[in-house]
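Residues per chain, in single letters:
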Amino acid sequence: NEPCGLVTNGPRLRAMAANPSTRLDSLEVLLQVCPTQVLGNPAFRLAMATDSGLIGHLGVAGQAAIAGCETADPQLIRRLAARRTRPARCRMAAAANPSCPPDMLWDYLRHRRPVRVALAGNPALPDALIAAILEDTSWQVREQIALRPSLSEAFFSAVAGDADWHVRRSLAKNERLP
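Computed from a predicted structure; not experimentally measured. (Residues numbered from 1 in each chain as written. Predicted model: local features only at pLDDT ≥ 70, side-chain atom pairs only at ≥ 80, totals over all residues. Heavy atoms only, no water.)

Some thoughts on the pattern of salt bridges
Rule in force here: When a carboxyl oxygen of Asp or Glu lies within 4 Å of a side-chain nitrogen of Lys or Arg, that pair is called a salt bridge. Buried, partly exposed and exposed residues are distinguished by accessible area as a fraction of the type maximum, computed with a 1.4 Å probe on protein chains only: under 20%, between the cut-offs, and over 50%, respectively. Helix and strand labels come from DSSP, where a helix needs a run of H or I of at least four residues and a strand needs a run of E of at least two; each type is numbered from the N terminus.
Scanning all chains against the criterion turns up six salt bridges. Arg 110 is paired through a salt bridge with Asp 107; the nearest N and O atoms lie 2.4 Å apart. Assessed through its relative accessible area of 55%, Arg 110 is described here as exposed. Taking the shortest distance from any N to any O, the salt bridge between Arg 169 and Glu 143 comes out at 4.0 Å. Of this pair, Arg 169 sits in helix H14 (residues 165-173) while Glu 143 sits in helix H12 (residues 139-146), placing them 26 residues apart in sequence. Overall, the relative accessible area of 14% leaves Glu 143 in the buried class.

Quick look at the structure:
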């Protein structure tokens, strides 16, 4: 069910994903390519409402596409990615999603490093969460903060004084470096 060989962007795919006449199995494949259009598709929404097992039957790639989609319902993101027992790919997608519920973002601080790295790359993090991420023991997580294009001046000095050279090097690559 991977969209191998498909052009991954373009108006035709988006139109097909939004078309209520598109078959459900095709929508499941298109979910990985254009999740916003599939989640807005009335036929897919009806299928989700009438088949409680639909989301569970999607592969991990489809579930991760939903968890990472900015237009996904927060309760759906929670269902797919809130618990540590959920696949890491789903939790990483949700952690990077600007629409992820705030309590989940804070909880991700206690997850494994790949989830925390994805969290640090989320463009919609509040300053308090950025400050907490800067206390992370992994330089790979703190490095993502250094690379943020929206890093405030208050955090520049904290990142510039980081003990790890990887983090300082990444800050030097930041285009917003004053």
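More follows now that the structure is in view.
Focus on the side chain of Arg 148
Quick reminder of the rule: Charge convention: Lys and Arg are scored as positive, Asp and Glu as negative, and His as well as the terminal groups of each chain are ignored. Polar contacts, as used here, are pairs of N or O atoms within 3.5 Å; protein pairs need one atom able to donate a hydrogen and one able to accept it. Residues neighboring in sequence count only if both atoms are side-chain atoms. Should any heavy atoms of two residues lie within 4.5 Å, those residues are counted as being in contact.
Note that Arg 148 resides in the loop between H12 and helix H13 (153-160). For the buried Arg 148, which has no salt bridge, the nearest side chain bearing the opposite charge is Asp 127, at an N-O separation of 7.2 Å. Within the structure, Arg 148 has its side chain in polar contact with the backbone oxygen of Asn 122 (distance 2.7 Å). Here Arg 148 is in contact with Ala 120, Gly 121, Asn 122, Pro 123, Ala 124, Leu 125, Ile 130 and Asn 174, once residues within four sequence places are set aside.

Some points on helix H8 (residues 88-96)
Turning to H8, its buried residues number three or more, namely Cys 90, Arg 91, Ala 93, Ala 94 and Ala 95. Buried residues along H8 sit in contact with helix H6 (60-67), helix H7 (74-81), helix H9 (102-107) and helix H10 (113-120).

Let's talk about the packing of H8 against H10
Put simply, the rule is: Interaxial angle, 0 to 180 degrees, is taken between N-to-C directions of lines fitted to C-alpha atoms, where a helix line uses only the stretch in contact. Orientation is classified from the angle alone, with under 35 degrees giving roughly parallel, over 145 giving roughly antiparallel, 65 to 115 giving roughly perpendicular, and any other angle giving oblique. Helix crossings are classified by the rotation of the near helix relative to the far one: an anticlockwise turn of less than a right angle makes the crossing left-handed, while a clockwise turn makes it right-handed.
In contact at an axis separation of 7 Å, H8 and H10 are set at 20 degrees when each is read in the N-to-C sense. Classified by the angle their axes make, H8 and H10 are roughly parallel. Here H8 runs over H10; the crossing is right-handed. Residue-level contacts link Ala 88, Arg 91, Met 92, Ala 95 and Ala 96 of H8 to Pro 114, Val 115, Ala 118 and Leu 119 of H10.

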